[in-house]
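# Breakdown of the fold
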Amino acid sequence: VPSPALLYAPLPLLLWAAVRFGVAGVASALFAVALIATFGALETRGPFYGIPAADNVFNLQMFLFAIGLPLLILAVVMDERDRAVATIRAGEEALRASLDQVRDLAGRLIGAQEAERTRIARDIHDDYGQRLAAVAMGLSRVIQLAGDTAPAVGAEVRRAQEGIADVAGSLRKLSHELHPGVLRHVSLAQALHSL
């Protein structure tokens, strides 16, 4: 009487084939087990001999079905899991690439903004500041020319001169707020502390 433990002898091989090689591996291993079991039954060896041939064939088919179906399902699930992992990894790589691209674009945008702020600050300071200084000097000359002969004109010119000085101070402050010159000479932490 054959031992029922012989039925389970190919199970580790079949499990290994299912996990390692997927559907093709388990199908090939099942084919090999079916051939060995069939030849064993024909030569009266193994777990499928000693009963009538029709019952023997049916028992062999049931054995292969009972052992093969779960292993094929396991192999399909393992293949699907591998595909899902590969898809997730590809998505992660694409996400990393997109994140790197966004960081690069953000860095370039900030650089462009800083360059534009620097240009505007320089234009305000150098051009408009100098023009206002020239107007203030012209008004000083008007005050000198008016002298004591037109004190009312001198007073109005002084008020205009003070207004121009206020506007020049506001423009200087705006220029420094747009692009603080201190950033070129000290660290960001020191510049923030001084602010």
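As shown above, the structure is provided for reference.
Residues numbered from 1 in each chain as written. Predicted model: local features only at pLDDT ≥ 70, side-chain atom pairs only at ≥ 80, totals over all residues. Heavy atoms only, no water.

### Considering the overall build of the chain
Using the following cut-off: The numbering of helices and of strands both runs from the N terminus, where a helix is a DSSP run of H or I of at least 4 residues and a strand a run of E of at least 2. Each residue is assigned to one of three classes by its accessible area relative to the maximum for its type, calculated with a 1.4 Å probe on protein chains only: buried under 20%, partly exposed between the two thresholds, exposed over 50%. Note on definitions: a residue-residue contact is assigned when non-hydrogen atoms from the two residues lie within 4.5 Å. A 1.4 Å probe and the Shrake-Rupley method give the accessible areas. Residues count as covered only by the protein chains that appear here.
Tallying secondary structure elements over the chain gives six helices and zero strands in all. For the chain, the sequential pattern of α-helices and β-strands runs α-α-α-α-α-α. Classification of the 195 residues of the chain by burial places 19% in the buried group. Taking as baseline every contact in the chain between residues at least 6 positions apart, the subset at least 24 positions apart corresponds to 65%. For the chain, the accessible area works out to roughly 14,000 Å², and carbon and sulfur atoms hold 66% of it.

### A short note on helix H2 (residues 11–42)
So the rule is basically this: Helices are assigned an expected span. That span is 1.5 Å times one less than the residue count. Bend, at a single residue, is the angle you get between axes fitted to the 7 residues ending at that residue and the 7 residues starting at it.
Helix length check: H2 (32 residues) gives 22 Å between terminal C-alpha atoms against 46 Å at 1.5 Å per residue, more than 12% under. Where H2 bends most, at Phe 21, the angle is about 150°.

### So, the pattern of salt bridges
A side chain of one charge can pair with a side chain of the opposite charge when the charged atoms of the two come close. Using the following cut-off: Within this document, salt bridges are pairs made up of a side-chain nitrogen of Lys or Arg and a carboxyl oxygen of Asp or Glu, the two lying within 4 Å of each other.
Per the counting criterion, the structure on display carries eight salt bridges. Glu 80 is paired through a salt bridge with Arg 83; the nearest N and O atoms lie 2.4 Å apart. Residue Glu 80 and its partner Arg 83 are located together in helix H3 (residues 53–146), separated by three residues, close to a single helical turn. Since its relative accessible area comes to 45%, Glu 80 is described here as partly exposed. Its salt-bridge partner being Asp 104, residue Arg 108 comes within 3.4 Å of it at the nearest N-O pair.

### Some words on a nonpolar patch on the surface
Operational definition: A residue counts toward a patch only above 30% relative accessible area and without a salt bridge, and it is joined to like-charged neighbours within 9 Å or, for Val, Leu, Ile, Met, Phe, Trp and Tyr, to nonpolar neighbours within 5 Å.
Taken together, the side chains of Phe 58, Met 62, Phe 65, Leu 69, Ile 73 and Val 77 make up a nonpolar region of the molecular surface, amounting to roughly 580 Å² of accessible area. A relative accessible area of 47% places Phe 58 in the partly exposed class.

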